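# Observations on the model geometry
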Amino acid sequence: MVYFLQQTLNALQLGSLYALIALGYTMVYGILRLINFAHGDLFMVGAFAAFGIAAWLGWPFVPTLLLSMAAVAALGVLIERLAYKPLRQAPKMSAVITALGVGIFLEHLMLVFNPYPRHMPELMPVHLWTVGRLSLSSHQVLIIGLSLVLMLILDWVVMRTKLGLAMRAIAWNGRIVPLMGVPVNRVISATFAMGAALGAAAGTLYAMAYPVIDPYMGVLVGWKAFIAAVVGGIGNVRGAVLGGFILAGVEIGVAAFLPTTYRDFISFGLLLVLLVVRPHGLLGRPRLEKV
Amino acid sequence: MKMRWMIGVLLLAGFALSWAVPHFGWLDPYILLVLMYLGINIILTASLNLVNGYMGEFSVGHAGFMAVGAYVSSVLTVNLFPVTGAVFLFPVAVVGGGLAASLAGLLVSIPSFRTRGDYLAIVTLAFGMIVKSALENIESVGGPRGFMGMEQLTTLPWVYVWVVVTIWILRNLVFSKYGRGMAAIREDEVACDLCGVHTRRVKISAFVVSAFFAGVAGGLYAHVLQFINPRMFDILKSTEILIMVYLGGMASLGGSILGASIYTIAMELLREQGAWRMVLMPLLLILLMLFRPRGLFGLREFPWLVPLRDLVLLRPVKKQKEKTHVPAGS
């Protein structure tokens with residue numbers, strides 16, 4: 001029982017990180033119908049930004065997190081302006097390939113400057129509470145709590161503000177909404193900024209929990225978060241969070257009972273089964289195809 | 001048009017050259033190796049182009065098929081076939097690898113009946129990851145450490161023959177009834193279903209044939225390198241093949257040859273740049289997509305790759321707005 005609870009805590013920690021990244025995928029997809037394959041690498045840049053700030057400026061946790069989020073948000077907007085915006089009218093695949101290219105570019109640019117894995121300095125001391133045989137670290141509380149707060153803020157922005165209304169409107173119909181006076185470009189930039197900032201927050205938290213970071217860390221985590229977004233129904237904000245926790249639960253569950261090398265095998269297998277049974281994700285709605 | 005027979009002569013001459021060059025040592029072994037990789041990349045690119053270009057799906061798991069072919073053919077040559085006859089049984093091993101990969105392609109084509117676009121991309125992605133993960137867990141082929149013991153059975157003439165066979169079969173498929181079905185699926189799946197195209201059969205054939213040649217390329221690759229491990233066939237490899245496809249251009253075999261050649265040679269030339277190589281490569285891709293989104297040769301074809309009947313009767317598939325080069329006969 002204690003073992004089970006312990007693994008649940010681990011799953012919640014991993015799941016909230018997946019969910020934060022998955023939100024970035026799903027928001028961009030909802031608005032532009034573009035799978036932003038560079039998003040996993042924005043997560044990586046977020047971790048490295050936090051590392052740079054913490055190691056060279058020696059700032060504490062809160063300003064480090066905020067500056068990392070701001071920097072990566074700016075990078076996200078820059079990428080959108082330079083690489084994706086000119087392709088908005090082009091065939092869908094061109095933009096997807098460009099996104100793949102941007103991802104590889106970010107990875108290897110980082111690799112030029114960080115050929116060896118970096119060790120993240122400790123941003124805040126770790127407390128360990130033990131209840132019986134159950135142990136709970138302050139990092140776990142921080143990661144789960146902060147992620148929940150960020151997700152609630154995002155949900156509030158999307159559901160309750162004018163910006164969120166504009167985002168949902170563009171997702172609903174991108175052709176009519178500009179005619180109603182919605183500044184589409186600004187809304188898309190805001191979406192990219194928010195998604196990238198969430199990814200950077202996940203990167204910072206990830207680097208605190210697993211302190212060895214390298215330029216390829218965003219690849220597998222990014223793909224997993226993408227799977228989480230798909231499981232929940234891509235384009236659906238709440239689905240992304242749900243998918244993140246489900247995927248983490250499955251992964252931790254597999255790792256707890258089987259050799260860890262089976263983890264990817266089973267989680268991707270489950271994804272395949274789910275896609276065959278329910279091709280539009282758990283919360284996604286199928287779109288009718290018209291001729 | 002009268003010069004058609006020249007193609008056969010040139011192909012034969014090419015074969016003789018591919019045999020003579022290594023035999024008499026006319027070229028540096030390094031250049032020979034690059035030429036073999038070039039041929040393998042052409043096979044990979046052309047076969048992926050069948051699904052991604054002609055049929056307009058977005059498959060991201062091509063390296064997975066390649067891995068299946070590489071492992072199956074290596075196990076065949078190392079564990080099953082007698083050592084003495086390895087040279088003669090090598091084509092059997094390569095075809096065996098291709099057949100195993102096409103079985104995997106058959107499996108992947110089943111989800112494609114219900115999903116397409118982004119969701120199918122995820123299915124193929126998951127397939128690639130599953131293959132890699134499964135290979136890491138099979139202890140008898142070395143698990144994550146990889147598999148070795150193959151002799152260097154792939155030679156330049158073999159690569160040449162397989163490139164010619166691949167392009168020839170793909171050309172015949174693309175200009176057949178099935179190939180037109182694929183183009184119809186790309187343009188509008190629902191409409192072509194309503195017009196009586198058996199979309200399932202067309203999709204299965206595209207995936208199976210594409211996977212077969214990816215498996216063949218994998219078998220050749222394993223017997224050049226003489227060592228394979230699951231990490232070679234990860235998502236980066238698939239991305240590399242995608243880049244070659246879109247560099248050359250969608251729905252064009254000539255484009256695939258061009259794309260694979262330019263990419264392979266450029267990557268070799270950039271080798272001196274060290275770590276910057278992989279920075280420049282995606283940058284080139286992004287610039288290409290921004291300024292020429294259809295790739296260098298997208299939706300066009302060399303006249304010598306088009307069957308005579310189609311040169312006379314039909315024009316290559318046109319895409320609206322874009323000026324399509326109509327081969328005016330040669």
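## Let's talk about the overall build of chain A
- If you tally the helices and strands in chain A, you get 10 helices and four strands.
- Reading the helices (α) and strands (β) of chain A from amino to carboxyl end gives α-α-α-α-β-β-β-α-α-α-β-α-α-α.
- For chain A, the C-alpha radius of gyration of 19 Å lies close to 19 Å, the compact-globule estimate for 291 residues.
- With respect to the principal axes defined by its C-alpha atoms, chain A has extents near 60 × 45 × 35 Å.
- A total of 291 residues make up chain A; the buried ones form 55% of that total.
- Of the contacts made within chain A by residues no fewer than 6 positions apart, 76% connect residues no fewer than 24 positions apart.

## Digging into the interface of chain B and chain A
- Each side of the interface is counted separately: chain B has 38 residues, and chain A has 45 residues.
- Buried area between chain B and chain A, summed over both chains or domains, comes out near 3,900 Å², and the portion from carbon and sulfur atoms is 80%.
- Applying the counting rule to chain B against chain A returns one residue pair in polar contact (both at pLDDT 80 or more).
- Listing elements by their share of the side of chain B that touches chain A, those giving two or more residues are helix 5 (118–137), helix 8 (189–194), helix 10 (235–248) and helix 12 (277–291) of chain B.

## As for a nonpolar patch on the surface
Residue and element names in this part refer to chain B.
- Together, Leu17, Trp19, Phe24, Trp26, Leu27, Tyr30, Ile31 and Leu35 line one region of the surface with nonpolar side chains, adding up to about 810 Å² of accessible area.
- Residue assignment for the nonpolar patch shows that the elements contributing at least two residues are helix 1 (4–24) and helix 2 (29–54).
- As for its placement among the helices and strands, tryptophan 19 is situated in helix 1.
- Judged by its relative accessible area of 44%, tryptophan 19 falls in the partly exposed class.

## Observations regarding unusual backbone geometry
All names here are of chain B.
- Even without a glycine there, the phi angle at glutamine 226 is positive, about 60°.
- The topology assignment puts glutamine 226 in the loop between helix 9 (199–225) and strand 2 (227–228).
- You will see that alanine 251, though not glycine, has its phi angle at about 55°, which is positive.
- Residue position: alanine 251 is located in the loop between helix 10 and helix 11 (253–269).

## Some words on the pairing of strand 2 (residues 128–131) of chain A
All names here are of chain A.
- Sheet topology note: the strand 2/strand 3 (residues 134–137) ladder contains four bridges and is antiparallel. Residue pairing for strand 3: threonine 130 is matched across the bridge by serine 135.
- In this antiparallel pair of consecutive strands, strand 2 and strand 3, the connection spans two residues, and glycine 132 shows a positive phi of 65°.

## Things to note about the pattern of salt bridges
- For the structure on display, the rule yields 12 salt bridges over all chains.
- Note that arginine 81 of chain A is salt-bridged to glutamate 80 of chain A, the shortest N-O span being 3.7 Å.
- For lysine 132 of chain B, the salt bridge identified is with glutamate 136 of chain B, shortest N-O distance 3.9 Å. Here the residue lysine 132 of chain B and the residue glutamate 136 of chain B both occupy positions in helix 5, the gap between them amounting to four residues, near one helical turn.
- For lysine 132 of chain B, a relative accessible area of 23% corresponds to the partly exposed category.
- Taken together, the shared-partner salt bridges in this structure form one network comprising Lys224, Glu251, Arg263 and Asp264 of chain A.

## Focus: the nonpolar core
- Ranked by internal contacts, the top residues of the largest apolar core, which has 200 residues, are Phe37, Tyr84 and Phe226 of chain A together with Phe58, Ile228, Phe233 and Tyr246 of chain B.
- Setting aside residues up to four positions removed in sequence, phenylalanine 226 of chain A forms contacts with Tyr25, Ile35, Phe37 and Ile234 of chain A together with Ile122 and Leu125 of chain B.

## A look at the confidence of the model for chain B
- With 94% of its residues at a pLDDT of 70 or more, chain B shows a mean pLDDT of 87.
- Averaged pLDDT values over the elements of chain B bottom out at 70 in helix 13 (residues 308–313) of chain B and peak at 95 in helix 9 of chain B.

## Details of empty space enclosed by the protein
All names here are of chain A.
- Counted by the stated rule, this structure contains one cavity of 30 Å³ or more.
- Approximately 40 Å³ is the volume found for the largest cavity.
- By residue number, the principal contributor to the lining of the largest cavity is helix 4 (residues 92–113), which donates three residues.
- Residues belonging to the lining of the largest cavity are distributed by class as follows: six nonpolar, one polar and one charged.

## With respect to helix 5 of chain B
- The first and last C-alpha atoms of helix 5 of chain B sit 29 Å apart over 20 residues, in line with the 28 Å expected at 1.5 Å per residue.
- Burial analysis of helix 5 of chain B places 18 of its 20 residues in the buried class, the great majority of the element.

## Considering the side chain of threonine 191 of chain A
Residues and elements named next belong to chain A.
- In this fold, threonine 191 is placed in helix 7 (residues 184–209).
- Within the structure, threonine 191 has its side chain in polar contact with the backbone oxygen of valine 187 (distance 2.7 Å).
- Discounting residues that sit within four places of it in the chain, threonine 191 has contacts with Met27, Val28, Ile31 and Met167.

## Examining the confidence of the model for chain A
- Confidence in the prediction for chain A averages 88 pLDDT; 98% of positions are at 70 or higher.
- Predicted confidence in chain A is weakest over helix 10 (residues 262–277) of chain A, with a mean pLDDT of 81, and strongest over helix 3 (residues 61–84) of chain A, with 94.

## Let's talk about the packing of aromatic side chains
- If you walk through the whole model with that rule in mind, you get 21 aromatic pairs over all chains.
- Note on phenylalanine 43 of chain A and tyrosine 206 of chain A: the rings are 5.3 Å apart at their centroids and 75° apart in plane angle, and the pair reads as edge-to-face. Remark: tyrosine 206 of chain A occurs in helix 7 and phenylalanine 43 of chain A occurs in helix 2 (residues 39–57); sequence separation between them is 163 residues.
- What makes phenylalanine 43 of chain A buried here is its relative accessible area of 0%.
- Looking at lysine 237 of chain B, its charged tip hangs above the ring of tyrosine 221 of chain B, at a distance of 5.1 Å from the centre.

Definitions and limits used
- Residues numbered from 1 in each chain as written.
- Chains lettered and ligands numbered in written order.
- Predicted model: local features only at pLDDT ≥ 70, side-chain atom pairs only at ≥ 80, totals over all residues.
- Heavy atoms only, no water.
- Helix = DSSP H or I, 4+ residues; strand = E, 2+ residues; numbered from the N terminus.
- Rg over C-alpha atoms; globule rule 2.2 N^0.38 Å.
- Buried < 20%, exposed > 50% of the residue type's maximum accessible area, 1.4 Å probe, protein only.
- Contact = heavy atoms within 4.5 Å.
- Buried area = accessible area lost by both parts, 1.4 Å probe.
- Polar contact = N/O pair within 3.5 Å; in protein donor to acceptor, adjacent residues only side chain to side chain.
- Patch = residues over 30% accessible without salt bridge, like charges linked within 9 Å, V, L, I, M, F, W, Y side chains within 5 Å.
- Areas by Shrake-Rupley, 256 points an atom, 1.4 Å probe, with all protein chains shown as cover.
- Salt bridge = Lys/Arg side-chain N within 4 Å of Asp/Glu carboxyl O.
- Pairing = 2+ DSSP bridges.
- Core = buried A, V, L, I, M, F, W, Y, C linked by side-chain atoms within 4.5 Å.
- pLDDT = per-residue confidence, 0-100.
- 1 Å grid on protein atoms, 1.4 Å probe; cavity = no way out; pocket = protein on both sides within 12 Å on 5 of 7 lines; lining within 4 Å.
- Points joined across faces, edges and corners; volume = space filled by probe spheres on them.
- Nonpolar A, V, L, I, M, F, W, Y, C, P; charged D, E, K, R; others polar.
- Expected span 1.5 Å × (residues − 1).
- Phe/Tyr/Trp six-rings, centres within 6.5 Å; stacked < 30°, edge-to-face > 60°.
- Lys NZ or Arg CZ within 6 Å of the ring centre and 35° of its normal.

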